[in-house]
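Fold and geometry: a report
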Amino acid sequence: MRHFLNINSVNESDVLKLIQRALAFKSGVQPDQTNLTVSNLFFENSTRTHSSFQMAENKLGFQQIRIEPQSSSMSKGESLVDTLKTLKAIGVDVAVIRHNVTSWYESVLSAEGHAIPQLVNAGDGSGQHPSQSLLDLVTIYEQFGHFTGLNIRIVGDLMHSRVARSNAEILKRLGANMTFSGPENWLPKDFSQFGEFVAIDKEWEQLDVVMFLRVQHERITQTENQIFLTKQYHAKFGLNKLRYEQLKAQAIIMHPAPVNRDVEIADEFVEAPKSRIFEQMTNGVFARMAILEYTMETNHATY
Ligand code: CP
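This structure is a prediction, so every number in the text was calculated from the model and none was measured.

Below, the discussion takes up the overall build of the protein. A tally of regular secondary structure across the protein gives ten helices and nine strands. Computed over C-alpha atoms, the radius of gyration of the protein comes to 19 Å, within 12% of the 19 Å expected from 2.2 N^0.38 for 303 residues, which places it in the range of a compact globule. When its C-alpha atoms are laid out on the principal axes, the protein stretches across 55 × 45 × 35 Å. Taken across its 303 residues, the protein has 56% of its residues classed as buried. Taking the contacts inside the protein whose residues are at least 6 apart along the sequence as the reference set, 78% of them involve residues at least 24 apart. Summed over all atoms, the accessible surface of the protein reaches about 13200 Å², with 49% contributed by carbon and sulfur. Of the charged side chains in the protein, 29 are positive and 34 negative, and the gap between their average positions amounts to 2 Å.

On to the packing of helix H1 (residues 12-26) against helix H10 (residues 277-296). Running from amino to carboxyl end, H1 crosses H10 at an angle of 120°, the nearest separation of the two axes being 8 Å. Classified by the interaxial angle, the pair formed by H1 and H10 is oblique. The hand of the H1/H10 crossing is right-handed. In contact with Asp14, Leu18, Arg21, Ala22, Phe25 and Lys26 of H1, H10 contributes Glu279, Thr282, Asn283, Phe286, Ala287, Met289, Ala290, Ile291, Glu293 and Tyr294. Across the contact of H1 with H10, the residue classes tally to nine nonpolar, two polar and five charged.

The next point concerns the UniProt feature "binding site: carbamoyl phosphate" (unreviewed entry) in the protein. With numbering matched to this structure, UniProt assigns "binding site: carbamoyl phosphate" (unreviewed entry) to Arg48, Thr49, Arg98, His129, Gln132, Ala257 and Pro258. Inspection of the secondary structure puts Arg48 in helix H2 (residues 48-60). Since its relative accessible area comes to 21%, Arg48 is described here as partly exposed. Once you skip the residues sitting within four places of it in the chain, Arg48 turns out to touch Pro256, Ala257, Pro258, Met281 and Arg288.

This next bit is on the nonpolar core. Within the largest apolar cluster, 56 residues are counted, with the highest numbers of intra-cluster contacts made by Ile19, Val96, Leu134, Leu137, Ile140, Leu171 and Leu292. A total of nine residues in this core trace back to one element, the largest contributor, which is H10. Taken together, domain 1 (7-127 + 282-296) and domain 2 (130-276) each give at least three residues to this core, which thus spans both. Apart from residues no more than four positions distant in its own chain, Ile19 is found in contact with Leu134, Leu137, Val138, Tyr141 and Phe147.

For the rest of this paragraph, the subject is the UniProt feature "domain: Aspartate/ornithine carbamoyltransferase carbamoyl-P binding" (unreviewed entry) in the protein. With numbering aligned to this structure, UniProt lists the feature "domain: Aspartate/ornithine carbamoyltransferase carbamoyl-P binding" (unreviewed entry) at residues 2-142. For the annotated span residues 2-142, helix accounts for 41% and strand for 15% of the residues, and the straight-line distance between the end C-alpha atoms is 27 Å.

Extensive coverage of strand S5 (residues 151-155) is indicated by the burial of four of its five residues. Relative to strand S6 (residues 177-181), S5 runs parallel, the two being bridged by five bridges. Counted as the bridge partner of Val155 is Ser181 from S6. Note on the crossover from S5 through helix H6 (residues 162-173) to S6: the handedness is right-handed. As judged from the four bridges shared by S5 and strand S8 (residues 209-212), these two strands associate in the parallel manner.

Once that is clear, we can look at the packing of H1 against helix H5 (residues 130-144). Two elements in contact, H1 and H5, have axes whose closest approach is 10 Å; the angle formed by their N-to-C orientations is 75°. On the basis of the axis angle, H1 is roughly perpendicular to H5. In contact with Val15, Leu16, Leu18, Ile19, Gln20, Ala22, Leu23 and Lys26 of H1, H5 contributes Leu134, Leu137, Val138, Tyr141 and Glu142. Within the contact of H1 with H5, the residues separate by chemical class into ten nonpolar, one polar and two charged.

Reading the values: rules and limits
Residues numbered from 1 in each chain as written. Predicted model: local features only at pLDDT ≥ 70, side-chain atom pairs only at ≥ 80, totals over all residues. Heavy atoms only, no water. Helix = DSSP H or I, 4+ residues; strand = E, 2+ residues; numbered from the N terminus. Rg over C-alpha atoms; globule rule 2.2 N^0.38 Å. Buried < 20%, exposed > 50% of the residue type's maximum accessible area, 1.4 Å probe, protein only. Contact = heavy atoms within 4.5 Å. Areas by Shrake-Rupley, 256 points an atom, 1.4 Å probe, with all protein chains shown as cover. Lys, Arg positive; Asp, Glu negative; His and termini not counted. Charge placed at Lys NZ, Arg CZ, Asp CG, Glu CD. Axes fitted to C-alpha atoms, helices over the stretch in contact; angles between N-to-C directions. Parallel < 35°, antiparallel > 145°, perpendicular 65-115°, else oblique. Left-handed = near helix turned anticlockwise from the far one by under 90°. Nonpolar A, V, L, I, M, F, W, Y, C, P; charged D, E, K, R; others polar. UniProt positions renumbered as here; feature names shortened; annotations may be inferred. Core = buried A, V, L, I, M, F, W, Y, C linked by side-chain atoms within 4.5 Å. Domains from an automatic or database assignment. Pairing = 2+ DSSP bridges. Right-handed = clockwise from strand over helix to strand, strands pointing away.

Encoded structure:
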């Protein structure tokens, strides 16, 4: 058993095996059934990640022990680490956790005393979103069959996006040419190690993949929210008709969702032929099956 906290802690060979395992599940390969127990602890709201982990767990045969952080003893002040020790003591093997604190798992892993379940990171603050990253990789690989030399641009609120942080690094490691666009105050300086910051329309017709990011109103300051102008943002950084039509025929559009329609992407292109947004959600179940199997180390592939 092992934790799954950051896709960039996994070597490239294992990432490719995870992608292939997810695609095998998608093609109908049946997983071995487990008799392990899992709890999903979501301290931040979620539709896709929460429900697709539940679906993946069902397909793998996990027993689910339901814990709602808001109605658990954490509301009485019990710490996350004591909650995890408690869950392990009563027989929970795996804990899937989404938390608003970036790198929440570091304090958990450094705690001494009783054992905790194996941890799967379902998104930490503005840190990492490794299961979203794997499903994005599955979606790109399904389209192109490789990553080397693909021109991939991530557009939007890079500063607050854990998806962007996970993807920028792993896609560069896998050989993609990464570029980034967005409002200047939302461009994290350290992203320059992964690729160049460019004007959104630069060499647009050469792009293979464009990933749009949700404007994370819940993470930006009140002042930024007050001055945010939807129409201006959409005109500067959104997918409109002209940009859609100028993409090459095989190019694809992605977004981790939820999408702010008519902000990051014009409503009419959210489900247009080049969009893979709902396919990403479908692939999320298979990617999360592969991740849970990897955590259990019970799959047929040798990692
Ligand atoms: N993409 C994503 O993480 O969506 P949810 O917040 O709905 O899980």
